[in-house]
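The primary structure of each chain is shown beneath.
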Protein chains: 2
Amino acid sequence: MIVGVETGGTKVVCATANEDDPSRPVHSETFPTADPAPTIERIRGYLREAERRGGVSAIGVASFGPLDADARSPRYGTVTSTPKPGWSGTDLLSPLLDVVDVPAAFTTDVNAAAVAEHRARGANPGNFAYVTVGTGIGAGILIDGALMGGSGYPEVAHLEVVRHPDDRFAGVCRFHGDCLEGLASGPAVSRRWGADGSSLPARAQQAAIRLEAFYLAQLATTLRYVVGTDLMIVGGGVAKTPGLIAAVADRLAENDGAAGGSGRPPLQVEPPAMPGRSGVIGALQLAADALAAAGDLAHV
Amino acid sequence: MIVGVETGGTKVVCATANEDDPSRPVHSETFPTADPAPTIERIRGYLREAERRGGVSAIGVASFGPLDADARSPRYGTVTSTPKPGWSGTDLLSPLLDVVDVPAAFTTDVNAAAVAEHRARGANPGNFAYVTVGTGIGAGILIDGALMGGSGYPEVAHLEVVRHPDDRFAGVCRFHGDCLEGLASGPAVSRRWGADGSSLPARAQQAAIRLEAFYLAQLATTLRYVVGTDLMIVGGGVAKTPGLIAAVADRLAENDGAAGGSGRPPLQVEPPAMPGRSGVIGALQLAADALAAAGDLAHV
């Protein structure tokens, strides 16, 4: 069996699946993300139990970031400089490998979700981005089917954006004020409008959707021009606002010059195929990949 | 011997080098870029002569874009939808391979320049971008030492940018008006100020540099956040404006929040190591790579 662990900002999901069917967990457990020591201890407990139940042959860990995800780095497997109290510098991977000494994958929660959402769309959905818009904004990017990125990137949260002409809100980013995350994250929406996008009265909701779509379309355009994104999935809490994803697509269509992606069909925007579950399923898929890669190495 | 061909917007450079020393051409020839048929015929003439002189074992072609650079595409080797009169849909590669049937590389001029500038900086300059700012704006991006990109991307010219508060210029992009290329290309500088950056009186030049640095720093920040760029080289005509590159670096330092590239040293900006020659040298290096790859395949 393989185990996937998603450590999110508020909860941890641990799941077990068969090695040859990572997308369909046979068992899972969810608990709140607390301080590092007790949280990691609960994950270790899950691993010990999985070990007893049927053995663990590989693990995949998908964590909130930023992470040191460079396998050559001495700090590989740690959460680096997160604003989350107590977690900066936490070694997340080693204490798990002390319980089960098996092949492991370690990446961000959004990268894992990107992998799962990509695979849910069949053989070749083109260059791909999974964007999550919630407390923060993050993206996992696949180019020609392979995850792109390393320690500290992609980090689309802090992209500079052109302000909507009607937007007078200062922004909530503690570093930049009005970067993408400062203007378009969940906290930005709540602070600008006094409520989250799904709870606003109809008229305010239309205005909120117009601004949010304006900013997310800029992100889509940037990803298109830099990494050739063909399909962008928008997940996370803010993405649940009814009508938002269609509004992003409309804004993109409006915005589409003749330039960009010569010969490529226009960028598409879609909701997640497996909202709320893609992180842990991606972690399981990456665990299965790590197991397969270790097998290949053993045959060299 | 190997041959590198750089077909630029205004001139073509053909060069010959030894297979094991692609960075030092032993022969080269330059002529203006005219209509496709006579231009391609001159390149074919160069190849025939190189063939007579010592044989041609591989070629590298680096062209103004946009290109179909996807080796699996039926239109591989063609210039696609360029505004350059007569060149849209021109098959550039096949007529050359009709003269010399050898391993070939085909990519954009800016990708080839990026490869050459990257290799000129030794073993590991980190994630890398070569940006050219002239008639247009383009970028070649390397991640972990490998060229990133495919047909239609990267295409940074049309990135949306936040306007400098002092900038009232409408922009010159025929698609978007005030995208990056619309506000920061050579034609944008000339139209906004009535002269190119190097010919302006001192005071206007300072203002021009301030605006240009503001826009190029945004490009640098975008590349940093999306593809983790550690070192950005700025080449092309506009980059020759004295003081510009230092101004971009200053603006970046000013702008640098605590976020972005956790654990990575700050992004550096530098001038080209081989201005004006990196395109054809990159074409030669990619020719040598294509030859080596063909050799590896032959041994499988």
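Residues numbered from 1 in each chain as written. Chains lettered and ligands numbered in written order. Predicted model: local features only at pLDDT ≥ 70, side-chain atom pairs only at ≥ 80, totals over all residues. Heavy atoms only, no water.

With respect to the overall build of chain A
At step 1: A count of helical and extended segments in chain A gives 8 helices and 10 strands.
At step 2: Here chain A has a C-alpha radius of gyration of 19 Å; the compact-globule value for 300 residues is 19 Å, and the two agree.
At step 3: Judged by the C-alpha coordinates and their principal axes, chain A covers about 60 × 45 × 35 Å.
At step 4: Residues classed as buried in chain A amount to 56% of the 300 residues present.
At step 5: Considering only contacts in chain A between residues 6 or more positions apart, those separated by 24 or more positions represent 62%.
At step 6: Carbon and sulfur atoms make up 52% of the accessible area of chain A, which amounts to about 12,400 Å² in all. (Helix = DSSP H or I, 4+ residues; strand = E, 2+ residues; numbered from the N terminus. Rg over C-alpha atoms; globule rule 2.2 N^0.38 Å. Buried < 20%, exposed > 50% of the residue type's maximum accessible area, 1.4 Å probe, protein only. Contact = heavy atoms within 4.5 Å. Areas by Shrake-Rupley, 256 points an atom, 1.4 Å probe, with all protein chains shown as cover.)

A few points about the interface of chain B and chain A
At step 1: Listed by partner, the interface residues are 39 residues for chain B and 39 residues for chain A.
At step 2: When the two sides are added together, the surface that chain B and chain A hide from each other amounts to roughly 3,000 Å², 59% of it contributed by carbon and sulfur.
At step 3: Inspection of the region where chain B meets chain A yields 0 salt bridges.
At step 4: The interface formed by chain B and chain A includes 4 residue pairs in polar contact (both at pLDDT 80 or more).
At step 5: Looking at the side of chain B that touches chain A, the elements with two or more residues in it are strand E7 (137–143) and helix H6 (202–227) of chain B.
At step 6: A total of 8 residues in the side of chain B that touches chain A trace back to one element, the largest contributor, which is H6 of chain B.
At step 7: Grouping the amino acids of the side of chain B that touches chain A by side-chain chemistry returns 17 nonpolar, 16 polar and 6 charged. (Buried area = accessible area lost by both parts, 1.4 Å probe. Salt bridge = Lys/Arg side-chain N within 4 Å of Asp/Glu carboxyl O. Polar contact = N/O pair within 3.5 Å; in protein donor to acceptor, adjacent residues only side chain to side chain. Nonpolar A, V, L, I, M, F, W, Y, C, P; charged D, E, K, R; others polar.)

Structural notes on the sheet that holds strand E1 (residues 2–7) of chain A
All names here are of chain A.
At step 1: One open sheet holds the 5 strands; their spatial order is E3-E2-E1-E4-E5, and the pairing between them is mixed. Pairing within the sheet leaves two strands with one partner each, and these edge strands are strand E3 (27–32) and strand E5 (104–108). Taking the axes of each pair of neighbouring strands and ignoring which way they run, one obtains an average angle of 10° across the sheet.
At step 2: In this structure, strand E4 (residues 58–63) lies alongside E5, joined through 5 bridges in parallel fashion. Across the sheet, residue Ser63 finds its bridge partner in E5, namely Thr108.
At step 3: Lying on the sheet, helix H1 (residues 36–54) is in contact with E1, strand E2 (11–17), E3 and E4; it crosses E3 at an angle near 165°. (Pairing = 2+ DSSP bridges. Axes fitted to C-alpha atoms, helices over the stretch in contact; angles between N-to-C directions.)

Some thoughts on the relation of the copies chain B and chain A
At step 1: Between chain B and chain A, which share one sequence, the superposing operator has a rotation angle of 180° and an axial displacement of 0.0 Å; the RMSD is 0.0 Å. Such a combination of rotation and displacement between the chain copies is what one expects of a two-fold axis. Across chain B, the rotation axis passes nearest the C-alpha of Val162 of chain B, at a separation of 2.4 Å. (Least-squares fit on C-alpha atoms with pLDDT ≥ 70 in both.)

Some points on the domain arrangement of chain A
Residues and elements named next belong to chain A.
At step 1: In terms of domain boundaries, chain A breaks down into domain 1 (2–108 + 276–298) and domain 2 (122–270).
At step 2: Computed over C-alpha atoms only, the centres of domain 1 and domain 2 are separated by 28 Å.
At step 3: Facing 6 residues of domain 1, the contacting portion of domain 2 comprises 4 residues.
At step 4: Taking both partners together, domain 1 and domain 2 bury about 350 Å²; carbon and sulfur atoms supply 49% of that area.
At step 5: Between domain 1 and domain 2 we count 0 salt bridges in total. (Domains from an automatic or database assignment.)

Re the environment of Ile141 of chain B
At step 1: As for its placement among the helices and strands, Ile141 of chain B is situated in strand E7.
At step 2: In the structure, Ile141 of chain B is positioned 155 residues away from Asp296 of chain B in sequence and 25 Å away in space, judged by C-alpha atoms.
At step 3: Apart from the residues lying within four places of it in its own chain, the contact partners of Ile141 of chain B are Val226 of chain A together with Asn111, Phe128, Ala129, Ala146, Leu147, Met148, Pro154, Leu223 and Val227 of chain B.

What to know about the sheet that holds strand E8 (residues 146–148) of chain B
Hydrogen bonding along the main chain pairs the strands of a sheet, whether they run parallel or antiparallel.
Residues and elements named next belong to chain B.
At step 1: Pairing is mixed in the open sheet, where 5 strands are placed in the order E8-E7-E6-E9-E10. One side of each edge strand has no neighbouring strand; the edge strands of this open sheet are E8 and strand E10 (268–270). Taken over all neighbouring pairs, the strand axes of this sheet differ in orientation by 25° on average, direction set aside.
At step 2: Pairing of strand E6 (residues 128–133) with strand E9 (residues 231–235) involves 5 bridges; the strand directions are parallel.

Digging into H6 of chain B
All names here are of chain B.
At step 1: Helix length check: H6 (26 residues) gives 36 Å between terminal C-alpha atoms against 38 Å at 1.5 Å per residue, within 8%.
At step 2: The element H6 is extensively covered by neighbouring structure, given that 21 of its 26 residues are classed as buried.
At step 3: Gly228 occupies a position one or two residues after H6 and carries a positive phi of about 65°. (Expected span 1.5 Å × (residues − 1).)

Let's talk about the packing of helix H3 (residues 109–119) of chain A against helix H8 (residues 278–298) of chain A
Residue and element names in this part refer to chain A.
At step 1: Orientation of H3 relative to H8, taken along the N-to-C sense of each, is 85°, at an axis distance of 7 Å. One element, H3, and the other, H8, form an angle in the roughly perpendicular class. Residues Asp109, Ala112, Ala113, Val115, Ala116, Glu117 and Arg119 of H3 form the contact with H8, whose own contacting residues are Ser278, Gly279, Ile281, Gly282, Ala283, Gln285, Leu286 and Asp289. (Parallel < 35°, antiparallel > 145°, perpendicular 65-115°, else oblique.)

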